[in-house]
Amino acid sequence: MTTGRYGADDPESYERPRRRTRPRTKDRPSFDDAVPGVVVTVDRGRYTCRLTEDGAPEDDPTVVTSMKSRALGRKGVVVGDHVRIVGDVSGDPGSLARIVLVDERRTVLRRTADDDDPVERVVVANADQLVVVTALADPEPRQGLVDRALVAAYDAGMDPLLCLTKADLADPEPVLAGYRPLGVPYVVTQRGADVSEVLERLTGRTSVLLGHSGVGKSTLVNALVPDAFREVGVVNAHTGRGRHTSVSALMLALPGGGWIVDTPGIRSFGLNHVDVAQLIEAFPDLHELTETCPRACSHGEGEPECGLDDAEGTEVDRVRSFRRLLASREAGEQHY
Ligand SMILES: Nc1nc2c(ncn2[C@@H]2O[C@H](COP(=O)(O)OP(=O)(O)OP(=O)(O)O)[C@@H](O)[C@H]2O)c(=O)[nH]1
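Residues numbered from 1 in each chain as written. Predicted model: local features only at pLDDT ≥ 70, side-chain atom pairs only at ≥ 80, totals over all residues.

Draft legend 1. Representation of helix H7 (residues 315–328) within the structure. For H7, built from 14 residues, the straight-helix expectation of 20 Å at 1.5 Å per residue is met to within 8% by its first-to-last C-alpha distance of 20 Å. Taken as a whole, H7 has its buried residues at Arg318, Val319, Ser321, Phe322, Leu325 and Leu326. Looking down the long axis of H7, one finds its buried residues gathered within 165 degrees of arc, a one-sided arrangement. In the core, the buried residues of H7 are packed alongside helix H1 (143–156), helix H5 (276–280) and helix H6 (284–289). (Helix = DSSP H or I, 4+ residues; strand = E, 2+ residues; numbered from the N terminus. Expected span 1.5 Å × (residues − 1). Buried ≥ 20, exposed ≤ 12 C-beta atoms within 10 Å, placed from the backbone. Arc of directions from axis to C-beta. Contact = placed C-beta atoms within 7 Å.)

Here it is as structure tokens:
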């Protein structure tokens with residue numbers, strides 16, 4: 001085992017351990033032949049993926065049904081995940097491919113653990129905008145739910161967009177008044193109306209549409225993506241709630257580029273983990289005010305020596321609205 005010019009007894013002749021000490025067979029396969037795609041819906045262990053080079057929708061895409069490869073172990077795969085796929089990626093009827101890699105997620109939207117499922121789960125990955133869809137009437141808007149959704153958006157690092165539907169039934173102003181101080185962007189829509197303003201906000205981005213049953217989400221999705229074939233439910237005259245006509249989250253390509261994710265499955269959010277320090281970063285001016293706060297200040301109403309109490313002028317309304325968002329985290333209203 002000697003090499004070079006040293007003799008067998010020379011200490012320098014000993015073979016040093018190489019950097020790679022584990023057997024080569026443990027190396028992961030490189031998946032050189034894997035093709036990139038994005039997960040558009042998940043149903044009982046089957047992942048529907050659209051093949052796409054750069055994560056953007058392509059015209060006339062190949063749609064591939066896949067399963068998770070064993071290499072992924074317990075790692076979850078969710079709608080919006082950018083993945084690599086091997087095997088039969090023809091998309092032919094009856095074909096089945098395998099997802100072998102999941103790219104790092106830019107954002108995650110979680111839903112709360114609930115009675116049916118005790119684990120808090122990621123439901124959508126890589127979305128950059130959360131569209132909170134609320135009807136102006138039938139069913140009545142519920143500020144607490146909108147507040148909770150906004151907290152979830154800021155926490156997930158997503159931009160919020162308030163979408164007020166059924167403008168033919170009520171004036172949007174009272175709802176907007178609660179969000180204007182926070183500068184939350186909004187659009188107002190109604191059935192049959194021009195949706196170009198909404199489209200403009202969505203084009204080129206990945207937006208999650210969130211709203212409880214009956215607010216007109218399917219009607220809106222149909223207007224935005226004419227061939228979405230979403231079933232439009234009927235609001236129950238007694239409860240004001242709609243029938244649950246859609247089941248799993250579904251990502252649809254917008255005609256002008258970008259994606260929308262319809263999420264009938266999300267009924268509540270995981271806000272327990274939301275940290276106030278993280279939330280306030282979405283409001284740089286308020287963040288600045290809190291620099292004088294005592295350590296561990298919760299910035300809530302009545303907190304002693306909280307810097308937010310120094311707000312003046314228009315900031316006062318902003319602080320009040322921000323504190324309402326903070327309080328919504330603990331609200332009894334758990335379900336969206
Ligand atoms: N007056 C009025 N009714 C609307 C409008 N948009 C939708 N609707 C009605 O409201 C009801 C619910 O609409 P959907 O689009 O099914 O609501 P959804 O939020 O998708 O409800 P789910 O499918 O149950 O999740 C339907 O009867 C629609 O026709 C609107 O702008 N104005």
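There is more to say, and it comes next.
Draft legend 2. Seen up close, the packing of H1 against H7. For the pair H1 and H7, the least separation of the axes is 8 Å and the interaxial angle reads 90 degrees. Taken together, H1 and H7 sit at an angle that is classed as roughly perpendicular. Together, Gly144, Asp147, Arg148, Leu150 and Val151 of H1 and Arg324, Leu325 and Ser328 of H7 make up the contact between the two elements. Split into classes, the residues belonging to the contact of H1 with H7 amount to three nonpolar, two polar and three charged. (Axes fitted to C-alpha atoms, helices over the stretch in contact; angles between N-to-C directions. Parallel < 35°, antiparallel > 145°, perpendicular 65-115°, else oblique. Nonpolar A, V, L, I, M, F, W, Y, C, P; charged D, E, K, R; others polar.)

Draft legend 3. Summary view of the pairing of strand S12 (residues 250–253). Here S12 shows no split at all, with Leu250 and Leu252 on one side and Met251 and Ala253 on the other all buried. Pairing between S12 and strand S13 (residues 259–262): four bridges, direction antiparallel. Paired with Leu250 across the two strands is Asp262, which belongs to S13. Between the end of S12 and the start of S13, which pair antiparallel, lie five residues, with Gly257 showing a positive phi angle near 105 degrees. (Pairing = 2+ DSSP bridges.)

Draft legend 4. Structural context of the domain arrangement of the protein. According to the domain assignment, the protein contains domain 1 (35–102), domain 2 (108–262) and domain 3 (276–328). If you look at the interface, domain 1 gives 12 residues, while domain 2 gives 15 residues. Sorting elements by how many residues they give to the side of domain 1 that touches domain 2 places strand S1 (residues 35–43) first, with four residues. Of the residues contributing to the side of domain 1 that touches domain 2, the split by class is six nonpolar, four polar and two charged. (Domains from an automatic or database assignment.)

Draft legend 5. Just the nonpolar core, in detail. One finds Val132 and Val261 to be the most contacted residues of the largest nonpolar core, which totals 70 residues. Sort the elements by how many residues they give to this core and H1 lands first, with nine residues. (Core = buried A, V, L, I, M, F, W, Y, C linked by C-beta atoms within 7 Å.)

Draft legend 6. Main features of the pairing of strand S4 (residues 82–87). As defined by bridge partners, S1 adjoins S4 across four bridges and the pair is classed as antiparallel. Residue pairing in the sheet places Pro36 in a bridge with Arg84 of S4. Direction of pairing for S4 relative to strand S5 (residues 97–102): antiparallel, over a ladder of five bridges. Paired with Ile85 across the bridge in S5 is Ile99.

Draft legend 7. The arrangement of the environment of Lys166 in detail. Structurally, Lys166 is set in the loop between strand S9 (159–165) and helix H2 (173–177). Among the residues examined, Lys166 registers 22 C-beta atoms within 10 Å and is labelled buried. C-alpha separation for the pair Lys166 and Thr206, spaced 40 residues apart in sequence, amounts to 24 Å. Once you skip the residues sitting within four places of it in the chain, Lys166 turns out to touch Ala135, Leu136, Ala137, Asp138, Gln190 and Gly216.

Draft legend 8. Layout of unusual backbone geometry. Note that the residue after Asp138, namely Pro139, is joined by a cis bond; omega there is 0 degrees. Along the polypeptide, Pro139 turns up in the loop between strand S8 (129–135) and H1. Here Asn126, not a glycine, exhibits a phi torsion of approximately 65 degrees, which is positive. The buried category is assigned to Asn126, around which 23 C-beta atoms lie within 10 Å. At Lys166, a residue that is not glycine, the phi angle is positive and equals roughly 60 degrees.

Draft legend 9. Expanded view of helix H4 (residues 217–224). Of all the positions in H4, only Lys217, Ser218, Leu220, Val221 and Leu224 are classed as buried. The buried residues of H4 occupy an angular sector of 160 degrees when the element is viewed end-on, so they sit on one face. In this structure, the buried residues of H4 make contact with S8, S9, helix H3 (196–202), strand S11 (206–210) and S13.

Draft legend 10. Inspection of the environment of Ala223 at higher detail. Within the secondary structure layout, Ala223 lies in helix H4. Residues Ala223 and Arg106 lie 117 residues apart in sequence; the distance between their C-alpha atoms is 28 Å.

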